[in-house]
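Spelled out from the first residue to the last, the chains are:
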Amino acid sequence: VADTLQQSVSDIQFMNKDTGYICGNSGSTGVIRKTTDGGNTWNILFQYLEPASFGTIISKIQFVDAQNGFASGSGRLFRTTDTGLNCDTLSSSPYFSDFHFISPSTGFITANDIRKTVDGGINFNTHYALNPGQYLSAIYFKDSIGYAAGAEYDSTFSFSKPLLLRTDLTTSGI
């Protein structure tokens, strides 16, 4: 099957044994595909080419339920509310390195801070500010517990030490 895709694959998520999604790029276009037969066939749901770009890759995909999903690439956050039939580009999202949604409305993005949305990615507000030189590259939630990982850098931008954070959404802060 992989030989017939003619695209790179950056991320994969299955909702059950038959329905799954992949994302990546085909040439200079970011692509999201869906399977409903366990991966035997993959149909294109969404394609995105960044205007005036040398290439676009959709690097991460996450569905929070059967209808609502999010994807990221080229500094953009994309959202679907209809299983991927239509995708909105949420251009108001700031630069970020990773994202994780815990519901169709509530999600987090990371980079030089942790930002939270409660409106499906339309607006983000600072949830936790980092110190200068700290940078987060990954975020993940399991139930109400969130984990973020990254690194601290010294004044010459050389790696100093790993940075690991944990938050409990039932309490405030990290």
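Residues numbered from 1 in each chain as written. Predicted model: local features only at pLDDT ≥ 70, side-chain atom pairs only at ≥ 80, totals over all residues. Heavy atoms only, no water.

1. Notes on the sheet that holds strand 7 (residues 76-80)
Thinking step 1. Reading across the sheet, the four strands line up as 5-6-7-8 and stay open at both edges, with antiparallel pairing between neighbours. The open sheet has two edge strands with one neighbour each: strand 5 (60-63) and strand 8 (88-90). With direction set aside, neighbouring strand axes in the sheet form an average angle of 25 degrees.
Thinking step 2. The pairing of strand 6 (residues 69-73) with strand 7 spans five bridges and is antiparallel. Among the inter-strand pairings, alanine 71 is bridged to a residue of strand 7, identified as phenylalanine 78. (Pairing = 2+ DSSP bridges. Helix = DSSP H or I, 4+ residues; strand = E, 2+ residues; numbered from the N terminus. Axes fitted to C-alpha atoms, helices over the stretch in contact; angles between N-to-C directions.)

2. Describing the packing of aromatic side chains
Thinking step 1. Summed over all chains, the structure comprises nine aromatic pairs.
Thinking step 2. Pairing phenylalanine 46 with tyrosine 48 gives two aromatic rings, centres 6.4 Å apart and planes at 15 degrees, and the pair type is stacked.
Thinking step 3. Residue classification places tyrosine 48 among the buried positions, given a relative accessible area of 12%.
Thinking step 4. Taking the centre distance of 6.4 Å and the plane angle of 80 degrees together, the rings of tyrosine 153 and phenylalanine 159 count as edge-to-face.
Thinking step 5. According to the relative accessible area criterion, phenylalanine 159 is exposed, its value standing at 52%.
Thinking step 6. Of note, lysine 60 hangs over the ring of phenylalanine 99, and the distance from its end group to the ring centre comes to 4.7 Å. (Phe/Tyr/Trp six-rings, centres within 6.5 Å; stacked < 30°, edge-to-face > 60°. Buried < 20%, exposed > 50% of the residue type's maximum accessible area, 1.4 Å probe, protein only. Lys NZ or Arg CZ within 6 Å of the ring centre and 35° of its normal.)

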